[in-house]
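# Analysis of the macromolecular model
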Amino acid sequence: MAHKMTDKVTWVGKIDWELRRFHGDEYSTHRGSSYNSYLIKDDKTVLIDTVWEPFAEEFVENLKKEIDLNEIDYIIAQHAEIDHSGALPLLLKEIPDVPIYCTSNGAKILKAHFHEDWNFVEVKTGDELEIGENKLIFVEARMLHWPDTMFTYMTGENILFSNDAFGQHYASELMYNDLVDQGELYQEAIKYYANILTPFSSLVTNKIKEVLEFNLSVDMIATSHGIIWRDNPVQIIEKYLEWADAYQENQITIVYDTMWNATRRMAEAIAEGIRAVDKDVSIKLFNAANSDKNDIITELFKSKAILFGSSTVNKSIMHATGGILDMIKGIGFKNKKGAAFGSYGWSGESVGILEERLKDAKIEIVQEGIKELWNPDEESMNRCIEFGKEFVGKL
Ligand code: FEO
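Every chain is numbered independently, its residues counted from 1 as its sequence is written. Restriction of local features to residues with pLDDT of at least 70 applies here, the model being predicted, together with a cutoff of 80 or more for giving and counting side-chain atom pairs; totals for whole chains, interfaces and linings are based on all residues. Only hydrogens and water are set aside; all other atoms, that is, all heavy atoms of the structure, feed into the side-chain values.

### As for the pattern of salt bridges
Two side chains of opposite charge can pair, provided their charged atoms sit close to one another. Any carboxyl oxygen of Asp or Glu within 4 Å of a side-chain nitrogen of Lys or Arg constitutes a salt bridge here. In this structure the tally under the stated criterion is 25 salt bridges. Lys293 is paired through a salt bridge with Asp25; the nearest N and O atoms lie 3.9 Å apart. Of this pair, Lys293 sits in helix H9 (residues 293–301) while Asp25 sits in the loop between strand E4 (21–22) and strand E5 (27–28), placing them 268 residues apart in sequence. A salt bridge links Glu242 to Lys239, with the shortest nitrogen-to-oxygen separation between them at 3.4 Å. A residue pair is termed a helical-turn pair when its members lie 3 or 4 positions apart in one helix, as Glu242 and Lys239 do in helix H7 (residues 234–243) at three residues. Linked by salt bridges that have partners in common, Arg21, Asp25 and Lys293 make up one network. Think of it this way: any DSSP run of H or I at least four residues long counts as a helix, any run of E at least two long counts as a strand, and we number them from the N terminus.

Set out below in structure tokens:
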């Protein structure tokens, strides 16, 4: 169902309430998502982005209810990833000659995805497209989060179409930031940043500064996922600047996996030690094997320090902790301190391996890890409590 945003701009995307996994299994979407596409009717008619391929047919049918497809003068493909370009093949079967405005990388990737020789028009930062009363200004946003990504600014309506940036995987028919539950919105926005944009944080800062230099008034930020920012849209830009700057809260997160609860008991004893010294710090514990990995990443993103624990199994670590460590290495958190712990029965390699993996992920190890043999007794638990006290003292 289309939604009229302004006299000239209509949302024509798809709200996907069912989505629970995105990017394969790389990103959990507890609250669904949306693929936002926008139709601009000025003297010229412009379509910005489309939707994911499974919804292509529905998208094209709904678009026909809004406009005769032959009236579309330009398509803007801000990003070639198929959650936004997936309906292009079906749409272009009907209007094959319509020019597609995109970056040069966008043209390359779209060709590589769809193997079609469409009418690509390559644009770069500062290029403008007159559409009647208003015009569109393009801003390349390379690596936010793909090499092809770009933003489009519409004058007159003062809308920044930002594609993935400032988005959230958050299905809501309320459409706008001021209408939805603020806690849910914040949670989905920070999870999106933590998991998808953290690796590009320095680029985020530079791109925002560059866009601010254009001195554009922004009345709305129309993202490609989730709600549209219309109430104080600058708030999400300010949040991005904060999140991009080695963000951390007064939080320590402990991630572990455990075979028979010995490592879990160690985790809880370490937390007790931290609490004994610091009454204010937020301490969160996650069993990596039964917690959502993207929620864990979000909590690690918010943390000033992180601890990883695993039992030793087959001279190695348990795979769920290994998976999270792979993720944080790729994401590249900055300015976080850490340590390792774990139980063992005979060979006891897990703590050393965890330390190496943390160092490899650029986490600063502030103290030597602790390992305990078999099921911790009172003495072992006291050592873990002291370990927690010592750890918090080093932050
Ligand atoms: Fe929402 Fe990078 O695609």
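So, next bit.
### Quick word on helix H11 (residues 350–360)
Only protein chains enter the calculation, and the probe is 1.4 Å; a residue is then buried if its accessible area is under 20% of its type maximum, exposed if over 50%, and partly exposed in between. All of the buried residues in H11 are Ser350, Val351, Leu354, Glu355 and Leu358. Looking down the long axis of H11, one finds its buried residues gathered within 135° of arc, a one-sided arrangement. Looking at the buried positions of H11, the neighbouring elements they touch are strand E19 (305–310), helix H10 (319–331), strand E20 (337–344), strand E21 (364–365) and strand E22 (370–373). Remark: Lys362 follows H11 within two positions and exhibits a positive phi of approximately 65°. What the arc describes is the spread of directions from the helix axis to the C-beta atoms. Whether two residues touch is decided by their heavy atoms; if any such pair falls within 4.5 Å, the residues are in contact.

### A word on the sheet that holds strand E16 (residues 220–223)
Two modes of strand pairing occur in sheets, parallel and antiparallel, and in both the strands are linked by backbone hydrogen bonds. In this description, strands pair whenever DSSP reports at least two bridges between them. Taken in spatial order, the five strands line up as E12-E13-E14-E15-E16 in an open sheet, and their pairing is mixed. The open sheet has two edge strands, strand E12 (128–130) and E16, and neither has a second partner. Within this sheet the neighbouring strands show an average axis-to-axis angle of 20°, counted without direction. Alignment of E12 against strand E13 (residues 135–140), held across three bridges, turns out to be antiparallel. Bridged to Glu130 within E13 is Lys135. Every angle, taken between N-to-C directions, lies between 0 and 180 degrees, and every axis is a line fitted to C-alpha atoms, over only the stretch in contact when it is a helix. With respect to the sheet, helix H6 (residues 201–213) is in contact with E13 and strand E14 (150–154), its orientation differing from that of E13 by roughly 150°.

### Here we look at the side chain of Thr10
Topologically, Thr10 is positioned in strand E2 (residues 9–11). Classification of Thr10 as buried rests on a relative accessible area of 8%. Among residues more than four places away in sequence, those in contact with Thr10 are Ala2, His3, Lys4, Met5, Ser37, Tyr38, Leu39 and Glu66.

Distances and angles like these do not, on their own, reveal function.
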